[in-house]
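# Structural characterization, general
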Amino acid sequence: MSFILRPIDTVENISPEDFKKNYLNPRRPLVIKGMTKNWPARDKWTPEYLKEVVGKKVVPLYDNSKADPAKPINSSAAEMPFDEYIDLIKSQPTELRIFFFNIFKQAPQLLDDIVFPKDLMGGFIESMPSMFFGGSNSVTFLHYDIDLPHIFHTHFGGRKHVILFENKWKRRLYCIPNATYALEDYDVANPDTKKFPALEGVEGTEVFLEHGDTLFMPTGYWHWMKYIDGSYSLSLRAWDASVTRKAASVYNLAVKGGLDSLLKMAFKEKYAKYREQLAIKWAEQELAAGKPY
């Protein structure tokens, strides 16, 4: 049985009223296929064009390996000039990906090619648009964003497999204590529910993004992503209007960011093993209690 995954609602376009009522307020994910049709980026951001404007800037690269407990989260596995990396992902399968790259600092003219969807909601963090690149076979581990933004995630140049879960399932997903990511010992696309029984029956949503598609991910949603083709995505982030949600963001940054990093540096493998054992214990307790209700 494994996960229970349903398709994400998909529309060509949507009115601000419909979006607010049915997706923003109830915090439901949505794919908007036509949001980028008037963006210059949709046709302009080819691999060759991005190579031209970014050039040989050396970028950190990440792979699918489990995080090293002795290192900070998101420590890079390698480095490479950007243009060589683009050639790599377009020519062959690779696990290597670029994570949270502010390409606009390197090529600010790219901002003229996108449009923040302010007709749908406010609160956009215009100083923080970021891009993500991956080769086919590269995977973004299951996590939620620590600062709890709403995210409009637009994909370019290929296909990407995305699985989302509401935050209420976090303990059943083997959420690591004091962190915003899950145990990395199971395959989200094909979980072993005999070894990890709490995953059985967890409900989520699933989509295969194509060129130009935009995924709205509400605040706090867990997400796992796999690049089917060598391709890239743009994330536009926006604050939730709730003061409570903003306070939770500050708490996460201070405790799940700062405190967790200090404990990892101090206790390394011992702390990592303790957290994994606690994640398994919590998941088993949640399953036994029949939660979430």
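Residues numbered from 1 in each chain as written. Predicted model: local features only at pLDDT ≥ 70, side-chain atom pairs only at ≥ 80, totals over all residues. Heavy atoms only, no water.

- Per an unreviewed UniProt entry, the recorded name for the protein chain is Cupin-like domain-containing protein, and the organism is Mucilaginibacter terrigena.

### Some thoughts on the pairing of strand E8 (residues 139–143)
- The element E8 is extensively covered by neighbouring structure, given that 4 of its 5 residues are classed as buried.
- Two strands pair when backbone bridges link them, and E8 and strand E13 (residues 222–227) are joined in this way by 3 bridges, in the antiparallel orientation. For Thr 140, the partnering residue across the bridge sits in E13 and is Met 225. (Buried < 20%, exposed > 50% of the residue type's maximum accessible area, 1.4 Å probe, protein only. Helix = DSSP H or I, 4+ residues; strand = E, 2+ residues; numbered from the N terminus. Pairing = 2+ DSSP bridges.)

### A short note on the side chain of His 153
- Turning to its location among the elements, His 153 is positioned in strand E9 (residues 150–156).
- One polar contact links His 153 to Lys 160, side chain to side chain, over a distance of 3.0 Å. (Polar contact = N/O pair within 3.5 Å; in protein donor to acceptor, adjacent residues only side chain to side chain.)

### Quick look at the nonpolar core
- Core analysis: the biggest nonpolar cluster contains 43 residues, and Phe 19, Trp 45, Phe 82, Tyr 85, Ile 103 and Phe 133 have the highest contact counts within it.
- With 5 residues, the single largest contributor to this core is helix H4 (residues 82–91).
- The contact partners of Phe 82, leaving out residues within four places of it in the chain, are Leu 50, Lys 51, Val 54, Gly 55, Lys 56, Lys 57, Val 59, Ile 98, Phe 101, Ile 103 and Phe 133.
- Residues Leu 183, Phe 196, Leu 199 and Val 202 belong to the second largest nonpolar core, which totals 26 residues. (Core = buried A, V, L, I, M, F, W, Y, C linked by side-chain atoms within 4.5 Å. Contact = heavy atoms within 4.5 Å.)

### A short note on the sheet that holds strand E12 (residues 214–217)
- The 7 strands lie next to each other as E2-E3-E12-E9-E14-E7-E6, forming an open sheet whose pairing is mixed. On the outer flanks of this sheet lie strand E2 (10–11) and strand E6 (97–101), each paired with one strand and no other.
- Note: E6 against strand E7 (residues 130–134), 3 bridges, orientation antiparallel. When the bridges of E7 are listed, Ile 98 appears paired with Phe 133.
- Where helix H1 (residues 16–24) meets the sheet, it contacts strand E3 (30–32), E9 and E12, and its direction lies at approximately 55° from that of E12.
- Strand contacts of H4: E6, E7 and strand E14 (231–238), with the helix running at about 50° to E7, the strand carrying the most contacts. (Axes fitted to C-alpha atoms, helices over the stretch in contact; angles between N-to-C directions.)

### So, the pattern of salt bridges
- Considering all chains together, one arrives at 15 salt bridges under this definition.
- Across the salt bridge formed by Lys 37 and Glu 12, the nearest N and O atoms sit 2.7 Å from each other. On the criterion of sequence distance, the pair formed by Lys 37 in the loop between E3 and helix H2 (41–44) and Glu 12 in the loop between E2 and H1 is long-range, its members being 25 residues apart.
- Residue class for Glu 12 comes out partly exposed when judged on its relative accessible area of 35%.
- In this structure, the salt-bridge partner of Lys 33 is Asp 213, at a minimum N-O distance of 2.9 Å. With Lys 33 in the loop between E3 and H2 and Asp 213 in the loop between strand E11 (203–209) and E12, the pair connects residues that are 180 residues apart, well separated along the chain.
- Overall, Lys 33 belongs to the partly exposed group, its relative accessible area being 28%.
- The exposure class assigned to Asp 213 is buried, which follows from its relative accessible area of 3%.
- Residues joined in a network through salt bridges with shared partners are Glu 48, Lys 51 and Asp 87. (Salt bridge = Lys/Arg side-chain N within 4 Å of Asp/Glu carboxyl O.)

### Here's the deal with the packing of aromatic side chains
- Summed over all chains, the structure comprises 22 aromatic pairs.
- Note on Phe 19 and Phe 216: the rings are 4.9 Å apart at their centroids and 70° apart in plane angle, and the pair reads as edge-to-face. Here Phe 19, found in helix H1, pairs with Phe 216, found in strand E12; they are 197 residues apart in sequence, far enough to count as distant.
- For the ring pair Phe 152 and Phe 216, a centre distance of 5.2 Å and an interplane angle of 45° mean the geometry is tilted. (Phe/Tyr/Trp six-rings, centres within 6.5 Å; stacked < 30°, edge-to-face > 60°.)

### Quick word on the sheet that holds strand E10 (residues 160–165)
- Taken together, 5 strands build an open sheet; the order of strands is E1-E11-E10-E13-E8 and the sheet is mixed. Edge positions in the open sheet fall to strand E1 (4–7) and E8, since each of these has one partner strand only. Averaged over neighbouring strand pairs, the angle between their axes works out to 20° when direction is ignored.
- Alignment of E10 against E11, held across 5 bridges, turns out to be antiparallel.

### Side note on unusual backbone geometry
- The omega torsion of the bond from Lys 291 to Pro 292 falls at -5°, within 30 degrees of zero and hence cis.
- When you line up the elements, Pro 292 lands in the segment after helix H6 (243–288).
- Even without being a glycine, Phe 100 presents a positive backbone phi close to 50°.
- Secondary-structure assignment places Phe 100 in strand E6.

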